[in-house]
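For reference, the chains in residue letters:
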Amino acid sequence: DAGVIQSPRHEVTEMGQEVTLRCKPISGHNSLFWYRQTMMRGLELLIYFNNNVPIDDSGMPEDRFSAKMPNASFSTLKIQPSEPRDSAVYFCASSPGSSREQYFGPGTRLTVT
Amino acid sequence: QQPVQSPQAVILREGEDAVINCSSSKALYSVHWYRQKHGEAPVFLMILLKGGEQKGHDKISASFNEKKQQSSLYLTASQLSYSGTYFCGTEGISGGSNYKLTFGKGTLLTVNP
């Protein structure tokens, strides 16, 4: 299996611009998670989906962040408008559900200037 | 509530042993352990479910004391490849069908020749 796929791997954008991060989970996994990692705050869960349905979005920092999962093989995390404090590495992870372990994608390093 | 990991960092010589601890202030359903190398994604090591079990593979094992809400990761006869940051992720007791993980700040393990 190809593992979790994320794109882009690196994104540099200016403050105020819209940013869209993409994720393709491992085939057959029914849970998908979006995390943000920074030196200050560590690894934080933003939102997670089960069977394409958002279950818990309490970690989404504010209304500028939104996530969708239109089907079992694709999810997006959008930031609009972006701010410098959004700079971080964003990971997507998927889980087969029954066994609970999570498999992380390579991450997207976002820099907002 | 973010679990507390100790120590924050440890330096070993190849062949030495190490223990990393993870403590939570809330009742836990499961504890996950991940290792992250610099610039890479976290990689799943093992999961322990409530019931006080101990798991292991190769020379890495872990225990979970649900009464104390603590878990420990044991690395024996360390190898250079063990270097990285180790994270515990905890799932609250209400997580029968809730896969939400809260991660500790991590323990940086360095193994020198």
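Up top you'll find the structure we're talking about.
In this text the structure is predicted, and so the values were computed from the model without any measurement.

What to know about the sheet that holds strand S1 (residues 5-7) of chain A
Residues and elements named next belong to chain A.
Next up, step 1: Strand order in the open sheet formed by 4 strands is S1-S3-S8-S7, and the pairing between neighbours is antiparallel. Each edge of the sheet is formed by a strand with only one pairing partner; in this case those strands are S1 and strand S7 (65-71). The mean inter-strand angle of the sheet, taken between neighbouring strand axes irrespective of direction, is 15°.
Next up, step 2: Sheet analysis places S7 next to strand S8 (residues 74-79), joined by 5 bridges and oriented antiparallel.

Details of the state of the cysteines
Next up, step 1: As enumerated under the stated definition, the model contains 2 disulfides over all chains in all.
Next up, step 2: Paired by a disulfide, Cys23 of chain A and Cys92 of chain A hold their sulfur atoms 1.9 Å apart. Between Cys23 of chain A and Cys92 of chain A, the S-S dihedral sits near -65°, and the bridge is therefore left-handed. In this pair, Cys23 of chain A sits in strand S3 (residues 19-24) while Cys92 of chain A sits in strand S9 (residues 88-95), placing the two residues 69 residues apart along the sequence. Accessibility assignment for this pair places Cys23 of chain A and Cys92 of chain A in one class, buried.
Next up, step 3: The residue that forms a disulfide with Cys22 of chain B is Cys88 of chain B, at a sulfur-sulfur distance of 2.0 Å. Sign of the S-S torsion, about 70° for the bond between Cys22 of chain B and Cys88 of chain B, identifies this disulfide as right-handed. Taken together, the positions of Cys22 of chain B in strand S3 (residues 18-23) and Cys88 of chain B in strand S9 (residues 84-92) put the pair 66 residues apart, joining distant regions of the chain. We note that Cys22 of chain B, like Cys88 of chain B, is buried.

Rules used in this analysis
- Starting afresh in each chain, residues are numbered from 1 along the sequence in its written order.
- Chains and ligands are labelled sequentially in the order written, the chains with letters from A and the ligands with numbers from 1.
- Given that the model is predicted, a residue must reach a pLDDT of at least 70 before its local features are reported, and side-chain atom pairs must reach 80 or more before they are shown or counted; all residues, however, enter totals for whole chains, interfaces and linings.
- To get the side-chain values, all heavy atoms of the structure are used, and hydrogens and water are removed first.
- The pairing criterion for strands is at least two bridges between them, as found by DSSP.
- Secondary structure elements follow DSSP: runs of H or I of four or more residues count as helices, runs of E of two or more count as strands, with numbering from the N terminus.
- Angles run from 0 to 180 degrees between N-to-C directions of axes, and those axes are lines fitted to C-alpha atoms, restricted for helices to the stretch in contact.
- In this description, the term disulfide denotes a pair of cysteine sulfurs within 2.5 Å.
- Under the scheme applied here, a residue whose accessible area is under 20% of the maximum for its type counts as buried, over 50% as exposed, and between as partly exposed, the area being computed with a 1.4 Å probe on protein chains only.

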